[in-house]
There are 2 protein chains.
Amino acid sequence: MKDLLQIDGPRLWASLMEMARIGATAGGGVRRLALTEEDRRGRELFARWCHEAGMTTWTDEVGNLFARREGDDAHAAPVMMGSHLDTQPEGGRFDGVYGVLAALEVVRALNDANARTAKPIEICSWTNEEGARFTPAMLGSAVFAGAMTLDDALARTDADGVTLAQALDTSGANAMTGTRAVQGVQVDAYFEAHIEQGPILEANRNTIGVVTGGQAIRWFDVNVTGVAAHAGTTPMRYRKDAWFGAAQMSLDLERAMARYAPLGLVTIGQAQIANSSRNTIAANLTFTVDLRHPDDAQLDAMEQDLRAVCAAAAASRELNATVTQVWSSPATPFDTQCVALVEQATQRFGYPHERIVSGAGHDAIHLARYCPTAMVFIPCVDGLSHNEAEDALPADVTAGANVLLNAVAARAGAYVAAPAHA
Amino acid sequence: MKDLLQIDGPRLWASLMEMARIGATAGGGVRRLALTEEDRRGRELFARWCHEAGMTTWTDEVGNLFARREGDDAHAAPVMMGSHLDTQPEGGRFDGVYGVLAALEVVRALNDANARTAKPIEICSWTNEEGARFTPAMLGSAVFAGAMTLDDALARTDADGVTLAQALDTSGANAMTGTRAVQGVQVDAYFEAHIEQGPILEANRNTIGVVTGGQAIRWFDVNVTGVAAHAGTTPMRYRKDAWFGAAQMSLDLERAMARYAPLGLVTIGQAQIANSSRNTIAANLTFTVDLRHPDDAQLDAMEQDLRAVCAAAAASRELNATVTQVWSSPATPFDTQCVALVEQATQRFGYPHERIVSGAGHDAIHLARYCPTAMVFIPCVDGLSHNEAEDALPADVTAGANVLLNAVAARAGAYVAAPAHA
């Protein structure tokens, strides 16, 4: 197909706003936690829209909700789109739901254009992406992609002790249609549209982020030990103060990480002084370090710097420091061809764009380790997300869906069966 | 009296060790919380020893336990010595009890020498010095010196909701003898011997610390606010990270305070990141600052530096910082003449000594605002205190009591009534 397919922007926007009423909060956001009554109502609305678009729907064993538009070859692996309908407790109107409803709009637009595809097209709304009710986040796509076992997932409990298996039953999420096996599904390619959840596209005045992959992440605990002593009777020169040691490690680390700018990221989000007292010198302090970089080798170097900085600061202050890695996720490059399809579609529309790395976790990160994958980012206002004030501009919402449509159409082998105006 | 009076070192040490059996812990320390059964037993033992030394005893309305040796002038205000018999939950064998039993040993030594004094001599064991059971610390001496009302003190409750008034009744602490009014007592001078609770004397190989007063203390809360954001999607240059701001303030403060060395002290003992998460940029962090200096004007300058350092670091990182003073205690110089008596006694024995400022709180700090006051410090092993391993060397224990004896003897106008060996 040489011509550009176009989605119906106002229709997509209207669907987003209608879905945002389910779980709407007084603050203008959405609270639609996974497998709650609100989530069930959201799933039912989405399934109804899919049926109206001529699709069939089903769920799998962890409640991932699928909709399918047939292709010419019923046996071909489907080109899949998706994201999630669940939200944070005080979430917004776009995180996740944009990717699901943009995918629906892609199917509607294909219908409007009387377009057929060689391969089937499927949409999936993944269960419990946010991790706000059940841990971990991205649970549904993790099981689908084989990163987590089904039994493990079903046994996870929420804060009230309700298991995921129980929530699937009581919410009716997996009783909407027949349930299929969650694992072993063949997928030709996976495309996900999402708001950026960061400030980069907005700052650079770009409409589309062509996502090239997910960055590598490593989490560390740094424990610093000194000697507890009386704040009033201990001269400064005799002190072995874990607080000032940690402060020095932090600033030295900040300086060292600047060499990896702009891609290298460092965050110290939590810190705890054991048995702390206002007038006792800190003897035992633990702080967390979150290091990220799109390139595993660069992250290796960042980790080495972290260890060196902590050791040097500890030595200079006669403290002890231990750096313990508590979690690691390697870089996840997206599929070159899928990324190219996204970029080409963007260029054909002439949207201002840039290549970007996904800083947040997404279902697409799990899918990328399972099948060829790419993502489309659009800006979010002020970079805000996981926030009731989360917002996106209608023009950007339309642009992202247009890119998704044309990338998927190309991958699925779309063609116009008969002129719609014939 | 020209000759040096001397105490009986082994007798004092034996008394210390016998008292240490009351509330002895498995770890070699003492747990004798204020107005508990252990405290009552400690008080009874001390009172019995005082009676054996020919003294009369009584308590006042907050349970401060007094013992008196008459002087020639029954109407003269007494020269007082004292400290406390209560301990920390995991306390040692010397903190407080040394000052009480050294005072008893002074009386025993005066008796042995057949010495009389112009002024009466009194010993006081102050109630709840440690603050471990009732808040605040140094409660008994605070009421005595008029820094706290009796009603306020009696209404203070421990962790179980027991009031000080109830504890006085149930412990029998104030039923040992007649109870006198706690306030309005005339005191000629107050001397207190204590372990240093710090490392200075030991490091300088000095036996006696001639305490010149208590340092001024100011406590602050510093609140730093930035912007919460996602650790994975927020480029470093867009961040307003309260953690790194606090780290910079801490190191800048440490550097600034070095100008006040060795007397100026700075401690950051507590810190809290609000709503902290490992992968969220810290948006709201509060840390405490404890500043100390023996000179109020110098502490004023330190406070100004603190405020300037926090404002500058906040400005350079687009953060907000507020510095709030939460408590202040002015410097407490001791009485020149009383300090001189301590120093002269020390010099006459030839003990290696230095002038020192009291870094910890002591009953003597309250008394110094009420009557001429001085203190005698002896070293504690490794500077340890508030610790079961707290220790002191017998030679130092003897030396401190010798200094106390001769300072008190000089102030009270001691003379030998008749040669003991006549």
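Each value, and the rule that gives it
- Residues numbered from 1 in each chain as written.
- Chains lettered and ligands numbered in written order.
- Predicted model: local features only at pLDDT ≥ 70, side-chain atom pairs only at ≥ 80, totals over all residues.
- Heavy atoms only, no water.
- Helix = DSSP H or I, 4+ residues; strand = E, 2+ residues; numbered from the N terminus.
- Rg over C-alpha atoms; globule rule 2.2 N^0.38 Å.
- Buried < 20%, exposed > 50% of the residue type's maximum accessible area, 1.4 Å probe, protein only.
- UniProt positions renumbered as here; feature names shortened; annotations may be inferred.
- Contact = heavy atoms within 4.5 Å.
- Axes fitted to C-alpha atoms, helices over the stretch in contact; angles between N-to-C directions.
- Parallel < 35°, antiparallel > 145°, perpendicular 65-115°, else oblique.
- Nonpolar A, V, L, I, M, F, W, Y, C, P; charged D, E, K, R; others polar.
- Left-handed = near helix turned anticlockwise from the far one by under 90°.

- As recorded in an unreviewed UniProt entry, chain A goes by Hydantoinase/carbamoylase family amidase and comes from Paraburkholderia acidisoli.

### Remarks on the overall build of chain A
- Counting its secondary structure elements, chain A contains 12 helices and 17 strands.
- Its C-alpha atoms give chain A a radius of gyration of 24 Å, within 12% of the compact-globule value 22 Å for 422 residues.
- The dimensions of chain A, computed from C-alpha atoms along their principal axes, are 90 × 45 × 40 Å.
- Expressed as a percentage of its 422 residues, the buried residues of chain A come to 58%.

### Describing the UniProt feature "binding site: Zn(2+) 2" (unreviewed entry) in chain A
Residue and element names in this part refer to chain A.
- Per the UniProt entry, the sites bearing "binding site: Zn(2+) 2" (unreviewed entry) are Asp95, Glu130 and His386 in this numbering. Of the residues just listed, which span 292 residues, no C-alpha pair is farther apart than 9.5 Å, and they cluster in one region.
- If you trace the backbone, Asp95 turns up in the loop between strand E3 (79–83) and helix H3 (97–112).
- Other than its neighbours up to four places away in sequence, Asp95 contacts His84, Asp86, Glu130, His194, Ile195, Gln197, Ser385, His386 and Glu390.
- As for its placement among the helices and strands, His386 is situated in the loop between strand E16 (373–378) and helix H12 (394–412).
- When its relative accessible area of 38% is taken as the criterion, His386 is described as partly exposed.

### Overview of the packing of helix H1 (residues 9–20) of chain A against H12(A)
All names here are of chain A.
- Packing of H1 against H12 leaves a shortest axis separation of 9 Å and a crossing angle of 110°. If you check the angle between H1 and H12, you find them roughly perpendicular. Between H1 and H12, the contacting residues are Gly9, Leu12, Trp13 and Leu16 on the first element and Pro394, Val397, Thr398 and Ala401 on the second.
- Of the residues contributing to the contact of H1 with H12, the split by class is 6 nonpolar, 2 polar and no charged.

### Notes on the packing of helix H8 (residues 242–257) of chain A against helix H8 (residues 242–257) of chain B
- For the pair H8(A) and H8(B), interaxial distance at closest approach is 8 Å and the crossing angle is 120°. Between H8(A) and H8(B), the crossing angle belongs to the class labelled oblique. For the crossing formed where H8(A) meets H8(B), the hand is left-handed. Only Trp243(B), Phe244(B), Ala247(B), Gln248(B), Ser250(B), Leu251(B) and Glu254(B) of H8(B) make contact with H8(A), whose side of the interface consists of Trp243(A), Phe244(A), Ala247(A), Gln248(A), Ser250(A), Leu251(A) and Glu254(A).
- Class assignment for the residues of the contact of H8(A) with H8(B) results in 8 nonpolar, 4 polar and 2 charged.

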